[in-house]
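# Structure assessment
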Amino acid sequence: MALDFREKHDVAGTLYTDPSRRSYEALGAARGGLSVMDPRIMFGALRSFAGGNVQTSTAGDALQQGGELVMRPDGTVAFLHLARFAGDHAEVDAVIAAV
């Protein structure tokens, strides 16, 4: 998944993954059926579909919600957004500003 993300978004920096999902648990990331059944998902799905995007597959744990985390070299968190439901993403400009 990380390699696909790197290629698709032309990421030059270091990407970290956690197949054990311990970091998700430590951060309190949502996981479970309710997070993928949230009615707000439909608005994002319709907006995405109208923009010409179609989901063809799911990578990783389909019930695990992710987020965006920017950590400084000293270990402090510069930015954290935890998705509450599928499609709940941070604004790209906010993430970039934290880098």
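Rules and cut-offs
Residues numbered from 1 in each chain as written. Predicted model: local features only at pLDDT ≥ 70, side-chain atom pairs only at ≥ 80, totals over all residues. Heavy atoms only, no water. Helix = DSSP H or I, 4+ residues; strand = E, 2+ residues; numbered from the N terminus. Contact = heavy atoms within 4.5 Å. Areas by Shrake-Rupley, 256 points an atom, 1.4 Å probe, with all protein chains shown as cover. Buried < 20%, exposed > 50% of the residue type's maximum accessible area, 1.4 Å probe, protein only. Pairing = 2+ DSSP bridges. Core = buried A, V, L, I, M, F, W, Y, C linked by side-chain atoms within 4.5 Å. Patch = residues over 30% accessible without salt bridge, like charges linked within 9 Å, V, L, I, M, F, W, Y side chains within 5 Å. Salt bridge = Lys/Arg side-chain N within 4 Å of Asp/Glu carboxyl O.

The helix and strand inventory of the protein chain stands at five helices and two strands. Going from the N terminus to the C terminus, the protein chain shows its helices and strands as α-α-α-α-β-β-α. If you line up the protein chain on its principal axes, its C-alpha atoms span 40 × 30 × 25 Å. For the protein chain, the share of sequence-separated contacts (at least 6 apart) that also reach a separation of at least 24 residues comes to 48%. Working note: accessible area of the protein chain is about 7800 Å², and carbon and sulfur atoms make up 58% of it.

Buried residues are scarce in helix α1 (residues 2-9), accounting for zero of its eight residues. Of the residues trailing α1, Asp-10 is marked for its positive phi of about 55°.

This part takes up the pairing of strand β2 (residues 77-82). Bridging between strand β1 (residues 67-71) and β2 involves five bridges; their strand directions are antiparallel. Looking at the pairing, Met-71 lines up with Val-77 of β2. The loop that links β1 with its antiparallel partner β2 comprises five residues; one of these, Gly-75, has a positive phi angle of about 95°.

The subject of this paragraph is the nonpolar core. Core analysis: the biggest nonpolar cluster contains five residues, these being Val-70, Phe-79, Ala-90, Val-95 and Ala-98. The residues touching Phe-79, leaving out its near neighbours within four places in the chain, are Glu-68, Leu-69, Val-70, Ala-90, Ala-94, Val-95 and Ala-98.

On the surface, a nonpolar cluster with roughly 420 Å² of combined accessible area is contributed by Leu-27, Leu-69, Met-71, Val-77 and Leu-80. Among the elements of the structure, β1 and β2 are those that each provide at least two residues to the nonpolar patch. Here Val-77 is to be found in strand β2.

The next thing to look at is the pattern of salt bridges. Taken as a whole, this structure holds one salt bridge when the rule is applied. When the shortest N-O distance is used, the salt bridge between Asp-88 and Arg-84 registers 3.0 Å. Since its relative accessible area comes to 9%, Asp-88 is described here as buried. Judged by its relative accessible area of 52%, Arg-84 falls in the exposed class.

Moving on, we come to the side chain of His-81. In this structure, His-81 sits in strand β2. A relative accessible area of 18% places His-81 in the buried class. Residue contacts for His-81: discarding those within four places in its chain leaves Gly-66, Gly-67, Glu-68, Asp-88, His-89 and Ala-90.

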